[in-house]
Every structure is written in C-alpha cells, then in structure tokens.
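# What the coordinates show
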Amino acid sequence: MPWQLIPHFFVSGVTNGSIYALIALGYCLIQNATGLVNFAQGEFVMLGAMIVITLHNVMGLPMPLAFVLSTAAVAIIGTALERGPIRLSRNRDVLTLIMITVGASIAIRGASMMLWGKSSHVFPSFGGDDPIIVLNAAILPQSLWIMALSLAALVLLYLFFHRTLLGKAIRGVADNSLGAVLIGISVRRLVALSFALSGALGAMAGVLITPITSMSYDGGLMLGLKGFAAGILGGYGSTLGAVVGGLLLGVLEAFGAGLVSSAYKDAIAFLVLLTILFVRPAGLFGSVRVHRL
C-alpha cells in the first residue's frame, strides 16, 4: 500500500469534498424551503463556470469581478426558475414540480451546448500552477482557494441563518411554512431567496473547480449527482449533514480512486449512495421516518 500517498489522497478528497458540500448545501436550501429536489442544481454549477469563461476569457474582465458577476447571474437564474415555471405551475403536486426542475435542467444544458459548444473550457487557476509540498502531498494553490472560500461561504451562511432576521425567517419557513404564514412571513419571497442562494452556491462551486477539471455544457450533470449523493449521505435537508456528507464522499472517492482504480472514481459516489439508502435511509444526520411498505 502506498502509505506515502495518503496525505495526497486526503487533500484531494477534501478539495473535491468541499465542492460537493457547496452543491449539497444548494440542494438542502431548496429542500428545506419547498420540499423539492432541484435537479437543475448541477446546471447552476455549469453555468457559473461558463459565465466566468465568457466574462474572463472572452471579454477580458478581471477574475474577481467575473467571479462576482457570474455568481450573481446564476442567483438571478435560480430566482427566475422559481418565479417562472415553478411558481406559475397550476399543478402544485411535488412530483410535478420536481419534473419541472428536470425539464429546466435539460433546457439549460441544451441552450448551453448551443451557446458554448461541446468542447471543454478552462480558465487560469487563482494562485498559479506550482504545487506546494506538505507531508508528501502536492497541494495546488487552487485547492487552497477551494478550501478557504468554501469555509468562508459556510461561515457566512451560518452567520446569515443564525444572526440575521432574514436567515431566521428562512429557518422558520423550513420548520413550519404554515406557521410562518400565520405570523406574517412572506413565504414566497423567502422561497425565491432560497433559490437565489442555491444558484449562487452552485455557481461558486463551478467557478472554483473548473481550473482543475475544466467544464463543458454537460459537466454539471455528474457534479450535481455527486452533490445529491453527498446530501443523501449526510441526511437530506440537514445543513450539517450536507457539509459532512460532501467532505466524507470526497475523501472516500479519493482513497477509492487512489487505492483501487481511478476508473471507479465516479462509481464510488453512487455505491456510497446505494449503501446509505439500504443501511441508513435517513443519512448520517437525517431524522426522516422511513416506513416499510
């Protein structure tokens, strides 16, 4: 066993796991606000990266400005998804609304293929390409940016949800939407805000991971599925579970790819998902009661 490679596998796992955690948090926000699974979350990831490619590579805007504009643009797209087809749907059945997100995912992917083509795109890393060697682990500067910005996003989200009235109102809607309406909280406005935050988190994940993996019009599909698997692993709807599930999935995936074969890297995420569904359907931090039919 290549013991000297363990630090490298761990760093790689935490890097990817931070991305999965951001995507899983996006799923979690919409699940708590509406009870829906947003299958367009992966397309938010892809759009964030593609918009930066246009703003930075084509239009020549500075990377920090392109990053902010891309995140804001995808937040607006997320809001438009909620205020458009989801809010205007005459059938409020959850399955129907979920299928609307599936349709939105396909439509966004198709439009992106026509706009950016089928080729993969990439933009420069934030801090250069020279790795930093720590305990036999070659750490790319981009990995440090991913960990630092993901941690900053998590801290800001925690402060928003626990220290601001708006954040507490969203938590109230998640706990009891009917009670929130009775005390005068505008549930619709907060649901739209949840979609905006979900879009921003997805865009951030896409921008951060693209310098390492590149991005194409369908690149968000696999990332979205892995973020979903991370959410299930941690306990769907649990913010703490989304973070822990994302990091754990990333580390398991990295060790599996390094110790077994990289060919099974993507399969490991779904193997973990199936195992959790069989052994602990509520996930590590979930509390959903499961009834056997």
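Residues numbered from 1 in each chain as written. Predicted model: local features only at pLDDT ≥ 70, side-chain atom pairs only at ≥ 80, totals over all residues. Heavy atoms only, no water.

- The protein appears in an unreviewed UniProt entry as Inner-membrane translocator from Syntrophobacter fumaroxidans.
- Quoted straight from UniProt, the Sequence similarities (unreviewed entry) entry for the protein says "Belongs to the binding-protein-dependent transport system permease family. LivHM subfamily."
- Comment text from UniProt for the protein, heading Subcellular location (unreviewed entry), reads "Cell membrane". (UniProt positions renumbered as here; feature names shortened; annotations may be inferred.)

### Considerations on the overall build of the protein
- Helices and strands together make up the secondary structure of the protein, namely eleven helices and two strands.
- Listing every helix and strand of the protein by position from the N terminus yields α-α-α-α-β-β-α-α-α-α-α-α-α.
- Rg of the C-alpha trace for the protein: 19 Å, near the compact-globule value of 19 Å for 293 residues, within the 12% margin.
- Counting only C-alpha atoms and orienting by the principal axes, one finds that the protein spans roughly 60 × 50 × 35 Å.
- Taking all 293 residues of the protein together, the buried fraction comes to 47%.
- When the accessible surface of the protein is totalled, it reaches about 14400 Å², and 68% of it is carbon and sulfur.
- Counting 16 positive and 9 negative side-chain charges, the protein places the averaged centre of each group 14 Å from the other. (Helix = DSSP H or I, 4+ residues; strand = E, 2+ residues; numbered from the N terminus. Rg over C-alpha atoms; globule rule 2.2 N^0.38 Å. Buried < 20%, exposed > 50% of the residue type's maximum accessible area, 1.4 Å probe, protein only. Areas by Shrake-Rupley, 256 points an atom, 1.4 Å probe, with all protein chains shown as cover. Lys, Arg positive; Asp, Glu negative; His and termini not counted. Charge placed at Lys NZ, Arg CZ, Asp CG, Glu CD.)

### A look at the side chain of Glu82
- Here Glu82 shows up in helix 3 (residues 63-88).
- Residue Glu82 is classed as buried on the basis of its relative accessible area of 5%.
- Excluding residues that lie within four positions of it along the chain, Glu82 makes contacts with Arg87, Val191, Ala192 and Phe195. (Contact = heavy atoms within 4.5 Å.)

### Some details on a nonpolar patch on the surface
- The grouping of Leu151, Val155, Leu156, Tyr158 and Leu159 at the surface amounts to a nonpolar patch, some 490 Å² of accessible area in total.
- Along the chain, Leu151 falls in helix 5 (residues 141-163).
- Owing to a relative accessible area of 54%, Leu151 belongs among the exposed residues under this scheme. (Patch = residues over 30% accessible without salt bridge, like charges linked within 9 Å, V, L, I, M, F, W, Y side chains within 5 Å. Salt bridge = Lys/Arg side-chain N within 4 Å of Asp/Glu carboxyl O.)

### As for the packing of aromatic side chains
- The full count for this structure, using the stated rule, is six aromatic pairs.
- Considering the side-chain rings of Phe9 and Phe255, the 5.7 Å spacing of their centres and the 70° angle between planes classify their relative orientation as edge-to-face. Taken together, the residues Phe9 in helix 1 (residues 6-34) and Phe255 in helix 10 (residues 239-259) connect sequence positions 246 residues apart.
- Residue Phe9 is classed as buried on the basis of its relative accessible area of 9%.
- Here Phe126 and Trp145 contribute two aromatic rings whose centre-to-centre distance is 5.9 Å and whose plane-to-plane angle is 80°, an arrangement assigned as edge-to-face. Remark: Trp145 occurs in helix 5 and Phe126 occurs in the loop between helix 4 (94-116) and strand 1 (132-134); sequence separation between them is 19 residues. (Phe/Tyr/Trp six-rings, centres within 6.5 Å; stacked < 30°, edge-to-face > 60°.)

### Thoughts on the pattern of salt bridges
- Tallied over the full model, the rule gives three salt bridges.
- A salt bridge links Glu43 to Arg109, with the nearest nitrogen and oxygen atoms 3.2 Å apart. Within this pair, whereas Glu43 is found in helix 2 (residues 41-58), its partner Arg109 is found in helix 4, the two being separated by 66 residues in sequence.
- Residue classification places Arg109 among the buried residues on the basis of a relative accessible area of 19%.
- In this structure, Glu82 engages Arg87 in a salt bridge whose closest nitrogen and oxygen atoms are separated by 3.0 Å.

### Focus: the environment of Thr210
- Mapped onto the secondary structure, Thr210 falls in helix 8 (residues 187-213).
- On the basis of relative accessibility, which here comes to 0%, the residue Thr210 falls in the buried class.
- Along the backbone, Thr210 and Tyr27 are 183 residues apart, and their C-alpha atoms lie at a distance of 20 Å.
- If we ignore the near neighbours within four places in the chain, the residues touching Thr210 are Ala49, His121, Val122, Phe123 and Met215.

### What about the UniProt feature "transmembrane region" (unreviewed entry) in the protein?
- Here the UniProt feature "transmembrane region" (unreviewed entry) sits at residues 6-29, 36-55, 61-82, 94-117, 137-161, 190-212, 232-255 and 267-288.
- Each end of residues 190-212 is marked by a C-alpha atom, and these two atoms are 34 Å apart; helix forms 100% of the span and strand 0%.

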